[in-house]
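# Notes for the structure review
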Amino acid sequence: MILLAGGTGTLGTVLAEHLQDAGLPFRVLTRDSRRAAELRQAGLEAVIGDAGNPADLTRALSGCTAVVSAISGFGPQSGSTPAAVDRDGNINLVTAAERAGARRFVLFSMRGASASHPMELARMKFAAEQRLFRSTLAWTVLRPTTILETYAAIMGESLRRGGVAVVFGRGDRPVNFVAARDLAAAAVFALDDGLKGQAVDLGGPDNLTLNGLAALLVERNGSGRTAHVPLPVLRTAAAGARLFSPRWGRVLGGAVHLAAADMSFDAAPGRAKLPGLPFTHVQTALAAAA
Ligand SMILES: NC(=O)c1ccc[n+]([C@@H]2O[C@H](COP(=O)([O-])OP(=O)(O)OC[C@H]3O[C@@H](n4cnc5c(N)ncnc54)[C@H](OP(=O)(O)O)[C@@H]3O)[C@@H](O)[C@H]2O)c1
């Protein structure tokens, strides 16, 4: 039995489909009783619990030999923080997995995770990685670039609501986008003992500007336009939001990072470690999501 923590998220939902297709038994951990009921109605196993609560994890891990963690406290919907979820939640999961006698642990971190990264999220992911490296478990760390579906959903939502695809900054810097299905396939490969003891950056074949992504989404939508939030405005908004809402300060800070940092990545060389696994172009993933 595999415990899938984060199985209700953008990536986790796709991952659950892949585990089902692979015929692997799994149970989804969620804090949300409504989502748990929906999963059960769909014939899946779900356990209600919080990664911040070790007793919940002991219960959730009963009979499990493996854990996949795709949890995050970064998003505005999470109601939590990267420190509580991406660091402490993952550390709790590793400790609980050791106690439960599990063997395998696959952790979704992020590309660039380090102790000195400007984003708190990346520092928290790094701390979780360090705990996993010291564990008794057979581990794999998967470090995605930018998940395509996350940003397609953000831009797609503003396009549907107001006919405008919102682009952070000038939108002219290349960003590497990876499709959720590629990440899910890599996790299933890892559960089959691929990539054991390895931490791997995972990107997609395309480095696309945010303007390029917005243009694709406008085209797919059949109408709409692109609007830019200038970087200085974004920076001011992030600084202001930090005073009143740490959550929005964090999210806007992430938008600043996306707009200003070098987010490009050459994913091709690392693909040799993932023989036969999908390497999905942005256009293909968007078409499949329609
Ligand atoms: N999105 C990106 O561009 C990106 C880039 C690099 C790495 N990643 C990493 O990839 C993974 C998947 O990202 P995503 O965007 O799919 O995440 P997401 O949509 O934001 O989903 C977050 C998940 O975390 C779970 N969660 C949050 N707090 C929890 C807690 N205290 N206890 C248990 N579960 C908790 C949520 O479950 P419930 O709400 O149901 O409890 C949800 O399933 C994450 O680890 C993320 O950090 C994402």
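Located above this text is the structure these notes cover.
Residues numbered from 1 in each chain as written. Predicted model: local features only at pLDDT ≥ 70, side-chain atom pairs only at ≥ 80, totals over all residues.

Glancing now at the site of the ligand. As a structural note, the neighbourhood of the ligand is formed by 31 residues, with Gly-9, Thr-10, Leu-11, Arg-31 and Ala-51 the closest of them. Mapped onto the shell around the ligand, the elements with two or more residues apiece are helix H1 (10–21), strand S2 (26–30), helix H4 (83–100) and strand S7 (146–147). Of the residues that constitute the shell around the ligand, the class distribution is 11 nonpolar, 15 polar and 5 charged. Each of domain 1 (2–144) and domain 2 (145–179 + 204–265 + 279–290) accounts for three or more of the residues forming the shell around the ligand. (Near = placed C-beta within 6 Å. Helix = DSSP H or I, 4+ residues; strand = E, 2+ residues; numbered from the N terminus. Nonpolar A, V, L, I, M, F, W, Y, C, P; charged D, E, K, R; others polar. Domains from an automatic or database assignment.)

A word on the pairing of strand S11 (residues 206–209). Here S11 shows one buried face, formed by Asp-206 and Leu-208, and one open face, formed by Asn-207 and Thr-209. The pairing of strand S9 (residues 174–178) with S11 spans 4 bridges and is classified as antiparallel. Within S11, the residue paired with Pro-174 across the bridge is Thr-209. (Buried ≥ 20, exposed ≤ 12 C-beta atoms within 10 Å, placed from the backbone. Pairing = 2+ DSSP bridges.)

The biggest cluster of nonpolar side chains holds 85 residues, and the ones touching the most others in it are Leu-4, Leu-15, Val-67 and Ala-187. The leading source of residues in this core is helix H7 (residues 180–191), at 10 residues. Of the residues that make up this core, three or more belong to each of domain 1 (2–144) and domain 2 (145–179 + 204–265 + 279–290). Every residue in contact with Val-67, bar those within four places of it in the chain, is listed here: Leu-3, Ala-5, Leu-93, Ala-97, Ala-102 and Phe-105. (Core = buried A, V, L, I, M, F, W, Y, C linked by C-beta atoms within 7 Å. Contact = placed C-beta atoms within 7 Å.)

This part is about the sheet that holds S9. Sheets are built from strands that pair by backbone hydrogen bonding, the pairs being arranged parallel or antiparallel. Taken in spatial order, the 3 strands line up as S7-S9-S11 in an open sheet, and their pairing is mixed. Of all strands in the sheet, those with a lone pairing partner are S7 and S11, marking the two edges.

Let us now look at helix H10 (residues 246–260). The terminal C-alpha atoms of H10, which comprises 15 residues, lie 21 Å apart, in line with the 21 Å expected from a rise of 1.5 Å per residue. Taken together, the buried positions of H10 are occupied by Arg-250, Leu-252, Gly-253, Ala-255, Val-256 and Ala-259. Against helix H5 (120–133), strand S8 (164–168) and helix H9 (231–244) lie the buried residues of H10. (Expected span 1.5 Å × (residues − 1).)

The buried fraction of strand S5 (residues 104–108) amounts to 5 of the 5 residues, a majority that puts the element mostly inside the structure. On S5, burial covers both faces: Arg-104, Val-106 and Phe-108 on one face and Phe-105 and Leu-107 on the other are all buried. Taken together, the 4 bridges between strand S4 (residues 66–69) and S5 define a ladder with parallel strand orientation. Directly across from Val-68, in S5, lies its bridge partner Val-106. For the segment spanning S4, H4 and S5, crossover handedness is right-handed. Relative to strand S6 (residues 138–144), S5 is paired through 5 bridges, and the arrangement is parallel. Along S6, the bridge assignment pairs Phe-108 with Leu-142. As a crossover connection, the stretch from S5 through H5 into S6 is right-handed. (Right-handed = clockwise from strand over helix to strand, strands pointing away.)

Here we come to unusual backbone geometry. In terms of backbone geometry, most residues other than glycine have negative phi values and most peptide bonds are trans. Phi is positive for Asp-193, which is not a glycine, with a value near 75°. Among the secondary structure elements, Asp-193 is positioned in the loop between H7 and strand S10 (198–202). One non-glycine residue with positive phi stands out, namely Leu-195, at about 60°. One can find Leu-195 in the loop between H7 and S10. Judged by local crowding, Leu-195 falls into the buried class, with 20 C-beta atoms found within 10 Å.

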